Amino acid sequence: LIFLKVFFRENDRLCELVNSKTLSVFAFQTGHTTGPSLNNDKLYKFAYSAEVYVDRVKASLQKSAGYRISSGVDVNLLWRNPDNDDDQLIKITIRDVQVENVNERPAAKNIFKGKSTEKIIGKEYLEALQRPIVLELVRGKVKNFYSHQNEPGFTQNIKRGLASLFQLQLHSGATREVDISGKCNTTYHVRQDQVTKIKALDSCEIEKQGFTSHNQILDVSTKATSATIYALEDGFIKSIKAEENYVLLLNSRRKTGAKIVSKQRLELKSVQAGPGLIAGKQVASVIKTVDSSYVAVPLVAEPVKSECKKCPSLSEHWQSIRERMYPEKLSKAEAARSFLSFIQNIRKATKEEILQIIRSENKELLPQVVDAVTSAQTPASLEAVLEFLDFKDASTSTLQERFLYACGFASHPSEILLKSLTAKFKGDIANEEIRETLVIVMGALIRKLCDREGCKLPAVVEAKRLIISRLEKAKKDDNVRMYLLALKNALLPEAIPLLLKYAESEEGHISNVAATALQRYDPSFLTKEVKETMNRIYHQNRKVHEKTVRTTAAAIILNSNPSYMEVKNILLSIGELPLEMNKYMLCMIQDILHFEMPSSKTVRQVLKDMRAHNYDRFSKMGSSSAYSGYITRGPDVSSTYSLDILYSGSGILRRSNMNIRIFDRNAELHASQVVIEAQGLESIIAATPDEGEENLDSFAGMSAILFDIQLRPVTFFQGYADLMSKMFSATGDLINVVKGLILLTDYSQEIQLQSGPRASTEFLGGLAIDISGGMEFSLWYRESKTNVKNRVAMFIAGNTEVDSFFVKTGMETTLEVETTLDFISTVQFSQYPFLVCLQMDRVESPFRRYVTKYESLPSGRRYTARRGKAELLAGNEYPLHQENSNMCRKVFGTKSDSSSNWF
């Protein structure tokens with residue numbers, strides 16, 4: 001600045017050539033400034049408005065819910081530092097406040113009709129809003145914001161939003177500055193008398209409240225922008241236009257979302273004679289002269305939230321929904337809706353209020369209450385449920401299991417939760433199945449906390465050490481399996497050597513669990529050592545392995561960027577394998593090609609070699625199969641299914657595996673897996689076991705993965721004596737694997753708008769689920785059947801709201817669907833090759849979606865606009881492959897009318 005003064009003084013002729021408007025940016029009556037400057041003894045009168053809009057993402061603002069606050073704003077210069085022209089105090093006064101609809105509405109739909117501003121805002125708040133504030137501007141930036149100390153947070157934030165508009169710099173460049181939004185990266189673009197300020201809202205440092213879902217597919221994506229355009233005249237502000245946009249999209253269905261638009265306008269109407277400057281050298285003395293009650297307060301917004309005065313208590317809310325929560329209604333969307341609303345209320349409740357409901361409810365409803373209380377994930381809800389449940393009491397094992405699974409599905413688990421479960425595991429547990437479920441869930445929590453950079457938290461380190469050390473010391477097969485299942489959920493890189501050891505050296509279901517645990521790891525973790533071990537297992541280089549483990553090893557190799565020789569050796573093995581394994585491996589290769597999996601390119605290169613690709617190898621008979629297909633293909637997400645069935649050479653089921661996966665461009669979710677396994681059943685039909693399976697005990701059971709969480713496997717029978725007992729006492733009913741309520745999408749964020757109000761957005765997705773399965777076996781008709789039934793109801797609710805204390809506006813979005821997916825496999829083994837029919841059906845599914853926009857006053861006056869659509873999604877029988885269709889025609893063409901019995 002000193003250089004500019006000397007330069008202009010020494011170069012009078014050059015000064016005449018400089019545009020006077022350019023000079024006005026730097027010049028004012030008594031000196032120069034790098035920020036906006038007011039003239040002495042002048043009163044600048046502005047018109048100000050702040051608007052808020054809430055609507056669907058692509059909707060026109062003309063139909064949005066929202067409101068407008070408009071007022072006059074008076075600005076005058078109080079003081080200028082005699083030693084620094086760039087240091088000045090300005091006084092800002094809001095006057096003539098009006099609150100109105102942001103869009104024109106008929107009188108009947110106008111909630112503000114007939115109400116004065118004082119009635120809407122309240123006398124006390126209106127007076128506070130119209131009390132002046134003082135800004136200290138240094139080089140165009142707000143150094144201090146002076147207001148009254150005990151002023152309500154809502155009115156204070158509106159003033160902060162106005163004050164932040166007066167902060168700008170008059171040269172282009174990037175900076176980091178503090179305003180109502182926090183400390184943000186800000187970029188200025190200056191062109192003559194116009195300045196554009198771009199604020200990167202995702203960079204703002206401000207106290208944030210909320211949480212997101214664990215999996216990206218189940219989460220919500222956000223995009224936020226902020227731009228402010230200043231028009232300058234004679235070194236000061238002529239007009240300001242600011243706009244801030246927030247867009248929120250449900251990742252699984254990007255048509256579902258919301259947007260919040262906040263607009264501010266400040267326009268200079270006139271300049272009048274105003275009060276003179278206050279003399280003084282220190283800011284503090286000048287402020288004291290203006291008003292001794294002024295204090296410096298932060299420019300960053302303070303978190304505020306209005307209290308609900310007419311909301312029902314937790315007990316009242318529960319009474320209004322409890323009829324929809326009985327077990328027989330859990331496959332309905334209403335159950336999922338009630339579950340979500342109950343969670344929202346639990347999150348506001350105290351431990352005592354929660355315990356009151358738990359302790360007073362009957363046995364039929366208690367499991368659903370435990371689901372909701374655990375899913376709320378608040379300190380109060382965790383304390384309440386842990387105080388209620390007694391793990392030393394075997395009679396409450398159903399409630400304990402529901403609690404543990406709800407912990408496993410937790411959307412944002414805490415270290416305290418894992419620490420609490422670890423303590424329970426170290427204590428006395430009456431039921432061994434609960435003990436197994438507990439450690440399996442601990443594995444799931446370890447992975448979720450590690451995914452959020454919590455691997456070094458003390459509770460996580462302790463839980464990892466506990467599981468690995470106890471696995472190394474375990475002697476009983478049941479204990480070994482329990483810890484392996486925990487590692488299958490935890491997916492710890494340091495556990496891979498242990499899993500390799502058990503996969504290669506053990507037999508039966510121990511080896512199988514270890515191999516399937518390795519199958520869940522991302523291919524980037526599958527080192528050269530892993531692939532060498534899998535090749536040894538598949539090719540049986542060191543010992544003979546059973547088919548289920550060998551085929552899992554082959555799948556791991558083929559899904560982890562296999563080399564040319566690895567693929568070639570697998571293809572060359574086809575023809576030398578047990579009969580049904582030959583057919584299964586052939587189907588696996590064909591499925592890789594058909595579905596264009598990552599290794600398909602390498603497979604096609606190998607198939608150019610006639611030694612690997614010839615009629616003898618590709619014409620092997622058998623009934624085993626592997627097939628993948630799409631359930632849905634959409635612009636946002638796609639879902640796939642895979643069905644594979646492996647039989648023994650005698651025609652008895654060895655493994656049936658159904659998977660459903662959901663993908664988007666960046667993430668994958670293993671939505672479900674249901675595996676039915678059987679072994680050692682050849683003796684009951686006088687058949688010869690396959691190689692490597694001569695010494696296996698009779699066993700049948702079911703294992704499930706649900707939303708990336710391995711559940712505790714269910715045993716149908718174990719051992720020959722148990723098999724005989726079940727054969728003669730079985731009723732034919734399906735055995736339940738999992739039944740309950742699951743919180744899937746759990747997104748909640750608070751958003752501070754730069755105009756002052758605070759917005760909140762919440763998306764909750766709940767699933768009422770019932771998965772059951774069974775296996776029928778008839779010696780008389782030489783027929784077996786497996787049945788897996790998936791009944792689900794999903795409800796998603798999104799609520800985006802802007803709360804200004806005296807008025808609320810927002811939008812609610814709901815989606816609901818009910819469906820059933822059945823997977824049935826029927827095998828007739830009276831001849832070879834035996835007849836196998838696979839069926840995968842989805843029933844007709846009702847689908848409903850609604851959007852509700854609203855504006856409301858604390859008095860209860862409310863405007864609501866609702867739109868919706870209901871449709872029936874057609875059922876579908878998934879085609880699988882042509883060979884299966886031909887087989888089904890034979891099965892049902894020759895099937896006896898007599899009903900078969902279990903076993």
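Residues numbered from 1 in each chain as written. Predicted model: local features only at pLDDT ≥ 70, side-chain atom pairs only at ≥ 80, totals over all residues. Heavy atoms only, no water.

**Considering the state of the cysteines**
Applicable threshold: The definition used for a disulfide is geometric: two cysteine sulfur atoms within 2.5 Å. Remark: exposure states derive from per-residue accessible area (1.4 Å probe, protein chains only) relative to the maximum for the residue type, with buried under 20%, exposed over 50%, and partly exposed in between.
Scanning the entire structure with this criterion turns up three disulfides. For cysteine 407, which is in no disulfide, the shortest distance to another cysteine sulfur is to cysteine 450 and amounts to 17 Å. Exposure remark for cysteine 407: the relative accessible area of 0% places this residue in the buried category. For the unlinked cysteine cysteine 587, the closest cysteine sulfur is that of cysteine 888, found at 14 Å.

**Some remarks on the packing of aromatic side chains**
Cut-off, in case you're wondering: A pair of aromatic rings is counted whenever rings of Phe, Tyr or Trp (Trp by its six-membered ring) have centres within 6.5 Å, and the orientation is called stacked for planes under 30 degrees apart, edge-to-face for over 60 and tilted otherwise. Numbering of helices and strands starts at the N terminus; helices are DSSP runs of H or I of at least 4 residues and strands are runs of E of at least 2.
The final tally for this structure, using the stated rule, is ten aromatic pairs. When the centroid spacing of 6.3 Å and the interplanar angle of 70° are considered together, the rings of phenylalanine 391 and phenylalanine 403 count as edge-to-face. Residue phenylalanine 391 is found in the loop between helix H12 (379-388) and helix H13 (397-408), and its partner phenylalanine 403 is found in helix H13; the two are separated by twelve residues along the sequence. Exposure remark for phenylalanine 403: the relative accessible area of 0% places this residue in the buried category. Arranged with centres 5.0 Å apart and planes meeting at 35°, the rings of phenylalanine 595 and tyrosine 630 form a pair that is tilted. You can see phenylalanine 595 sitting in the loop between helix H23 (579-594) and helix H24 (600-606) and its partner tyrosine 630 sitting in strand E14 (residues 625-633), a full 35 residues away along the chain. Classification of tyrosine 630 as partly exposed rests on a relative accessible area of 35%.

**Some points on the side chain of serine 147**
Here is the rule we go by: By the convention used here, residues are in contact when the closest approach between their heavy atoms is within 4.5 Å.
In this structure, serine 147 sits in strand E5 (residues 141-148). Looking at serine 147, the relative accessible area reads 0%, which means it is buried. The contacts of serine 147, once residues within four sequence positions are left out, are Ile133, Gln156, Lys159, Ser293, Tyr294, Val295 and Val297.

**Brief notes about a negative patch on the surface**
The test is simple: The patches described consist of residues with a relative accessible area above 30% and no salt bridge, like charges being joined within 9 Å and nonpolar side chains (Val, Leu, Ile, Met, Phe, Trp, Tyr) within 5 Å. In this description, accessible areas are obtained by the Shrake-Rupley approach with a 1.4 Å probe, and a residue is regarded as covered only by the protein chains that are shown. The rule for a salt bridge is simple: a side-chain nitrogen of Lys or Arg has to be within 4 Å of a carboxyl oxygen of Asp or Glu. Positive charges come from Lys and Arg alone, negative charges from Asp and Glu alone, with His and the N- and C-terminal ends not counted. Taken as the charge centre is NZ of Lys, CZ of Arg, CG of Asp or CD of Glu, depending on the residue.
There is a patch of like negative charges on the surface, built from Glu432, Asp477, Asp478, Glu506 and Glu507. Mapped onto the fold, aspartate 477 is located in helix H17 (residues 477-490). By relative accessible area, aspartate 477 is classed as partly exposed at 44%.

**Brief notes about the sheet that holds strand E13 (residues 294-297)**
Worth spelling out the cut-off: Should DSSP find at least two bridges between two strands, the strands are regarded as paired. Note on method: axes are straight lines fitted to C-alpha atoms, helices fitted across the in-contact stretch only, with angles between N-to-C directions ranging 0 to 180 degrees.
The twelve strands lie next to each other as E6-E7-E8-E10-E11-E12-E1-E2-E3-E4-E5-E13, forming an open sheet whose pairing is antiparallel. Both outer strands of the open sheet, strand E6 (173-179) and E13, are each paired with one neighbouring strand and no more. Across the sheet, the mean angle from the axis of one strand to that of its neighbour is 25°, orientation sign disregarded. On top of the sheet, helix H6 (residues 153-165) reaches strand E1 (42-55), strand E2 (65-80), strand E3 (87-101), strand E4 (133-138), E5, E6, strand E8 (194-205), strand E10 (220-233), strand E11 (236-250), strand E12 (257-273) and E13; it is set at about 155° to E5, its chief contact. Along the sheet, helix H7 (residues 283-290) makes contact with E2, E3, E4, E5 and E13, crossing E3 at roughly 40°.

**Some remarks on the pairing of E4**
By the criterion of burial, E4 is predominantly enclosed, with six of the six residues buried. Residue alternation in E4 divides its side chains into two sets, Ile133, Leu135 and Leu137 and Val134, Glu136 and Val138, and both sets are buried. Judged from the six bridges that link them, E3 and E4 form a sheet pairing that is antiparallel. Looking across to E4, one finds that isoleucine 92 is bridged to isoleucine 133. Alignment of E4 against E5, held across five bridges, turns out to be antiparallel. Bridging across to E5, leucine 135 finds its partner in phenylalanine 145. What sits between E4 and E5 in their antiparallel hairpin is a turn of two residues, with arginine 139 showing a positive phi close to 55°.

**Overview of helix H14 (residues 415-426)**
Using the following cut-off: Here the expected span of a helix is defined as 1.5 Å times the quantity of residues minus one.
If you check H14, its first and last C-alpha atoms are 17 Å apart, about what twelve residues at 1.5 Å a residue would give, namely 16 Å. Residues of H14 that are buried: Leu417, Leu418, Ser420, Leu421, Thr422 and Phe425. Contacts from the buried residues of H14 go to H12, H13, helix H15 (432-451), helix H16 (458-473) and H17.

**Side note on helix H18 (residues 496-505)**
In terms of burial, H18 is a largely internal element, seven of the ten residues being buried. Residues of H18 that are buried: Ile496, Leu498, Leu499, Leu500, Tyr502, Ala503 and Glu504.

**Details of the packing of H18 against helix H19 (residues 508-519)**
The following threshold applies: Each angle is binned into one of four classes, with values under 35 degrees roughly parallel, values over 145 roughly antiparallel, values of 65 to 115 roughly perpendicular, and all other values oblique. In this scheme the handedness of a crossing depends on how the near helix is turned from the far one: anticlockwise by less than a right angle means left-handed, clockwise means right-handed. Three residue categories are used. Nonpolar comprises Ala, Val, Leu, Ile, Met, Phe, Trp, Tyr, Cys and Pro, charged comprises Asp, Glu, Lys and Arg, and polar comprises the others, including Gly.
At a minimum axis separation of 7 Å, H18 and H19 run at an interaxial angle of 140°. Taken together, the axes of H18 and H19 lie oblique to each other. Note that H18 runs across H19; the crossing there is left-handed. On H19, the residues touching Ile496, Leu499, Leu500, Tyr502 and Ala503 of H18 are Ile510, Ser511, Ala514, Ala515, Ala517 and Leu518. Of the residues in the contact of H18 with H19, the class split is ten nonpolar, one polar and no charged.

**Concerning the pattern of salt bridges**
With the rule as written, the count across this model stands at 47 salt bridges. Aspartate 179 is the salt-bridge partner of lysine 199, the closest N and O atoms lying 2.8 Å from each other. Of this pair, lysine 199 sits in strand E8 while aspartate 179 sits in strand E6; the two residues are 20 residues apart in sequence, bridging distant segments of the chain. Residues lysine 199 and aspartate 179 agree in their burial class; the two are buried. Among the salt bridges present, the one from glutamate 504 reaches arginine 536, with a minimum N-O distance of 2.8 Å. Highlighted residues: glutamate 504 in helix H18 and arginine 536 in helix H20 (residues 528-539), separated in sequence by 32 residues.

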